[in-house]
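Here's the letter readout for the chains.
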Amino acid sequence: MGNRTKHLAVVAAALAILAGIGSMMNAQPPGPSGPGRPGKGIRGGPGGPGAMASYSAPTLAKTEAEKKILPVLEDMNRNQRAGMMNVPEADGQLLRLLVESIGAKTVVEIGMSNGYSGLWMALGLRSTGGKLITHEIDEGRAKLARENFKRAGVEDIVTIVMGDAHEEVKKLKGPVDLCFIDADKEGYTDYLNKMLPLMRPGGLIVAHNVNPRQVDEAFVKAISTNEDLHTVFLNDRGVSISMKKR
Ligand SMILES: C[S@@+](CC[C@H](N)C(=O)[O-])C[C@H]1O[C@@H](n2cnc3c(N)ncnc32)[C@H](O)[C@@H]1O
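These numbers come from a predicted model, not from an experiment.

Calculation criteria
Residues numbered from 1 in each chain as written. Predicted model: local features only at pLDDT ≥ 70, side-chain atom pairs only at ≥ 80, totals over all residues. Pairing = 2+ DSSP bridges. Helix = DSSP H or I, 4+ residues; strand = E, 2+ residues; numbered from the N terminus. Axes fitted to C-alpha atoms, helices over the stretch in contact; angles between N-to-C directions. Contact = placed C-beta atoms within 7 Å. Core = buried A, V, L, I, M, F, W, Y, C linked by C-beta atoms within 7 Å. Buried ≥ 20, exposed ≤ 12 C-beta atoms within 10 Å, placed from the backbone. Expected span 1.5 Å × (residues − 1). Near = placed C-beta within 6 Å. Nonpolar A, V, L, I, M, F, W, Y, C, P; charged D, E, K, R; others polar. Parallel < 35°, antiparallel > 145°, perpendicular 65-115°, else oblique. Left-handed = near helix turned anticlockwise from the far one by under 90°.

(A) Structural context of the sheet that holds strand E3 (residues 106-110). Strands sit in the order E5-E4-E3-E6-E7-E9-E8 across an open sheet of 7 strands; the sheet is mixed. Of all the strands in the sheet, the pair left with one neighbour each is strand E5 (158-162) and strand E8 (229-234). Strand after strand, the sheet turns through a mean of 15° between neighbouring axes, direction not considered. Both E3 and strand E4 (residues 131-136) contribute to a ladder of 5 bridges, which runs parallel. Note that in E4 the partner of Val-107 across the bridge is Leu-132. On top of the sheet, helix H5 (residues 139-151) reaches E4 and E5; it is set at about 175° to E5, its chief contact.

(B) Layout of the nonpolar core. In terms of nonpolar packing, the biggest core is built from 53 residues, with Leu-119 and Met-195 touching the most fellow members. No other element matches helix H4 (residues 116-128), which puts 7 residues into this core. In contact with Met-195, other than residues within four places in its own chain, are Val-108, Val-169, Val-176, Cys-179 and Ile-205.

(C) Summary view of helix H2 (residues 64-79). The first and last C-alpha atoms of H2 sit 23 Å apart over 16 residues, in line with the 22 Å expected at 1.5 Å per residue. Residues of H2 that are buried include every one of Ile-69, Leu-70, Val-72, Leu-73 and Met-76, and no others. Residues of H2 that are buried sit in contact with helix H3 (89-101), H4 and H5.

(D) Structural detail: the site of the ligand. Close contacts around the ligand come from 19 residues, with Met-85, Gly-111, Tyr-116, Ser-117 and Ala-165 the closest. Classifying every residue of the shell around the ligand by side-chain character gives 7 nonpolar, 6 polar and 6 charged.

(E) Seen up close, unusual backbone geometry. Along the chain, Gly-174 connects to Pro-175 via a cis peptide bond; the corresponding omega equals 0°. Checked against the element boundaries, Pro-175 lands in the loop between helix H6 (165-168) and strand E6 (176-181). One non-glycine residue, Ser-113, lies in positive phi territory at about 55°. Here Ser-113 shows up in the loop between E3 and H4. Even without glycine at this site, Asn-209 takes up a positive phi of about 60°. Tracing the backbone shows Asn-209 in the loop between strand E7 (199-208) and helix H8 (217-225).

(F) Structural detail: the packing of H3 against H4. Where H3 contacts H4, the two axes come as close as 8 Å, and the packing angle between them is 30°. In this view, H3 runs roughly parallel relative to H4, as classed from their interaxial angle. Crossing geometry of H3 relative to H4 is assigned as right-handed. For the pair formed by H3 and H4, the contact residues are Gly-92, Gln-93, Leu-95, Arg-96, Val-99 and Glu-100 on the first element and Tyr-116, Ser-117, Trp-120, Met-121, Leu-123, Gly-124, Leu-125, Ser-127 and Thr-128 on the second. For the contact of H3 with H4, the per-class residue count stands at 7 nonpolar, 6 polar and 2 charged.

(G) Region of the structure containing H3. Over its 13 residues, H3 extends 18 Å from the first C-alpha to the last, a length consistent with the 18 Å expected when each residue adds 1.5 Å. Just beyond H3, the residue with positive phi is Gly-103, at close to 60°.

Here it is as structure tokens:
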């Protein structure tokens, strides 16, 4: 093969790769499909540059709780995301599914923001008869969360704890069925160490933004090398799920 032919082959290969990336990006819809409404199916979570598109089915309202909570989640998804650092909708759906499928009675959230992920978990807790204890340090975001929980009708099952969660979680008592960690990324190992003794056997510690750019390596090592834990990583969405073994 001559130099010119080789050059053309390299250019053709590069164009083919770019075309592939372009079609992946085009698979994402222009706006949120929103819970409770038929969506296009393929959703790209706002996981930052390089995040892969993920597939999620819309959540269809059946129960009274869903009819009340899903419109609030949709409104938050559409109108309140700016500056709130909320999980993508698909991760909210995952949290609800985990809460409900393990029959969680006590869920602890570390990093509430305006309550988006907390409200997804409250949706599951409405079915299990459980409660959410959620932590936040920022009063502005907490004010929004209070309003969101109220209009979704879940304020009776949600306790908001204000202050530095590194201190506040020391006051918690177990057993905790599920703990969702989504606050200061350098603090994940400390949260893990404080929450693990409170987790019931079979309980889940779920962490967000578990990728090399964000969470410190010590946390990844801690959940990967502890023989008391069985951990899976959902790598494309930066979520880890660690079960405390029975
Ligand atoms: C990524 S956001 C949480 C998003 C939320 N889980 C959701 O999906 O809707 C992280 C939140 O943790 C809070 N935070 C950070 N450090 C904290 C700390 N030490 N104690 C309590 N909250 C903290 C921030 O103020 C921020 O609102």
